Amino acid sequence: MTSIAKRPFEVRGVHVLAAMLAFFGAVIAVNVAFAVIAVRSFPGEDVRRSYLQGLHYNDTLTARRDQAALGWRAAAGFAPQTAEAALEVTLTRRDGSPLDGVSLDGALQWPTDSRLDRALVFEPAGGGRYVARPGDLPAGRWRLRAHAADDSGGALDFESELTWRPSR
């Protein structure tokens, strides 16, 4: 009977090349996957058409100076002890008197996922208070961006960072 003798395994140049290509291929594939996931979850834009917004920045500065001269103030927060979110905004004049009779619109933005953003419809509640009910919100930090305007041309743009914790 003849026996076939096995040769011992020998590492050759082709084996080293294959191992290096496999290693670097895996590293590159993981990096590409992470980059794609990162861009899909947050594209890096805070506002759409930021270039055009930058071109009109002087107009924005003028509007902010006009708003500062007007002296309106805004305070925002979620109503406490509610199972469903109720957002309250209080508007006051420079002297602290309530500011009624303005139209107020805005949006709640989830900082990391624009698909959760909600447009808000505010209803006057008297005494400078305006209430919006955005519905069922996930708990966490939200950004309110709103615009108040009256018939005489006065306006106020404001932002507020809010935290929603539903009561149980």
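Residues numbered from 1 in each chain as written. Predicted model: local features only at pLDDT ≥ 70, side-chain atom pairs only at ≥ 80, totals over all residues. Heavy atoms only, no water.

J.: Can you help me understand the confidence of the model for the protein chain in this one?
T.: Close inspection of predicted coordinates is inappropriate for parts of the model with low pLDDT. Across the protein chain, the average pLDDT comes to 86, with 93% of residues at or above 70. Put simply, helix α2 (residues 50-55) is where the protein chain has its lowest mean pLDDT, 80, and helix α1 (residues 13-41) is where it has its highest, 94. (pLDDT = per-residue confidence, 0-100. Helix = DSSP H or I, 4+ residues; strand = E, 2+ residues; numbered from the N terminus.)

J.: Can you help me understand the nonpolar core in this one?
T.: One broad rule of soluble globular proteins: the nonpolar side chains tend to lie buried together. Counting 24 residues, the largest nonpolar core has Leu91, Leu108, Phe122 and Leu144 as its most contacted members. Counting residues per element, the ones that place at least two in this core are β2 (85-92), β3 (103-109), β6 (129-135), β7 (140-149) and β8 (155-164). (Core = buried A, V, L, I, M, F, W, Y, C linked by side-chain atoms within 4.5 Å. Buried < 20%, exposed > 50% of the residue type's maximum accessible area, 1.4 Å probe, protein only.)

J.: What should I look at first to understand the pairing of strand β5 (residues 123-126) in this one?
T.: Side-chain positions along a regular strand alternate between the two faces of the sheet. Where β5 meets β6, 3 bridges bridge the pair, whose relative direction is antiparallel. Bridge pairing in β6 places Glu123 opposite Val131. Where β5 folds back onto β6 in an antiparallel hairpin, the turn is made up of 2 residues, including Gly127, whose phi is positive at roughly 65°. (Pairing = 2+ DSSP bridges.)

J.: What am I meant to see in the packing of aromatic side chains here?
T.: Here a ring pair, both rings aromatic, is described through the centre-centre distance and the interplanar angle of the planes. Applying the stated criterion across every chain yields a total of 3 aromatic pairs. Seen from their ring centres, Phe78 and Trp164 are 5.2 Å apart, and the 55° between their planes marks the pair as tilted. Of this pair, Phe78 sits in strand β1 (residues 73-78) while Trp164 sits in strand β8, placing them 86 residues apart in sequence. For Phe78, a relative accessible area of 14% corresponds to the buried category. Taking 4.7 Å as the distance between ring centres and 70° as the angle between the ring planes, the aromatic pair formed by Trp110 and Trp142 counts as edge-to-face. Taken together, the residues Trp110 in the loop between β3 and β4 (118-121) and Trp142 in strand β7 connect sequence positions 32 residues apart. Accessibility expressed as a relative area gives 0% for Trp142, which makes it buried. (Phe/Tyr/Trp six-rings, centres within 6.5 Å; stacked < 30°, edge-to-face > 60°.)

J.: Looking at this structure, I do not really get the environment of Leu137. What am I missing?
T.: Following the sequence through the fold, Leu137 ends up in the loop between β6 and β7. Its relative accessible area of 5% is what places Leu137 among the buried residues. Spatially, the C-alpha atom of Leu137 lies 6.6 Å from that of Ala85, the residues being 52 residues apart in sequence. With sequence-adjacent residues up to four places away left out, Leu137 is seen in contact with Phe78, Ala85, Leu108, Arg118, Trp142 and Trp164. (Contact = heavy atoms within 4.5 Å.)

J.: How should I be thinking about the sheet that holds β5 in this particular structure?
T.: Strand-to-strand pairing in sheets goes through backbone hydrogen bonds, with the strands running parallel or antiparallel. Taken together, 4 strands build an open sheet; the order of strands is β1-β2-β6-β5 and the sheet is antiparallel. In the strand order of this sheet, the two ends are held by β1 and β5, each with one partner. Adjacent strand axes in the sheet meet at a mean angle of 30°, parallel and antiparallel pairs treated alike. Taken together, the 5 bridges between β2 and β6 define a ladder with antiparallel strand orientation. Paired with Glu88 across the two strands is Val131, which belongs to β6. (Axes fitted to C-alpha atoms, helices over the stretch in contact; angles between N-to-C directions.)

J.: Honestly, a nonpolar patch on the surface in this entry has me stumped. Any pointers?
T.: A cluster of nonpolar side chains, namely Phe9, Val11, Val16, Met20, Phe23, Phe24, Val27, Ile28, Val32 and Val36, defines an oily patch on the protein surface of about 990 Å² accessible area. Along the chain, Val36 turns up in helix α1. Among the residues examined, Val36 registers a relative accessible area of 36% and is labelled partly exposed. (Patch = residues over 30% accessible without salt bridge, like charges linked within 9 Å, V, L, I, M, F, W, Y side chains within 5 Å. Areas by Shrake-Rupley, 256 points an atom, 1.4 Å probe, with all protein chains shown as cover. Salt bridge = Lys/Arg side-chain N within 4 Å of Asp/Glu carboxyl O.)

J.: Just checking my understanding: could you explain the sheet that holds β7 for this structure?
T.: Sheet architecture is open: 4 strands sit in the order β4-β3-β7-β8, paired in antiparallel fashion. A strand with exactly one partner marks an edge of an open sheet, and here the two such strands are β4 and β8. Put simply, the sheet's adjacent strands are angled 20° from each other on average, direction ignored. Sheet topology places β3 next to β7; 7 bridges connect them, and they run antiparallel. Each bridged residue has a counterpart across the sheet, and for Gln109 the counterpart in β7 is Arg143.

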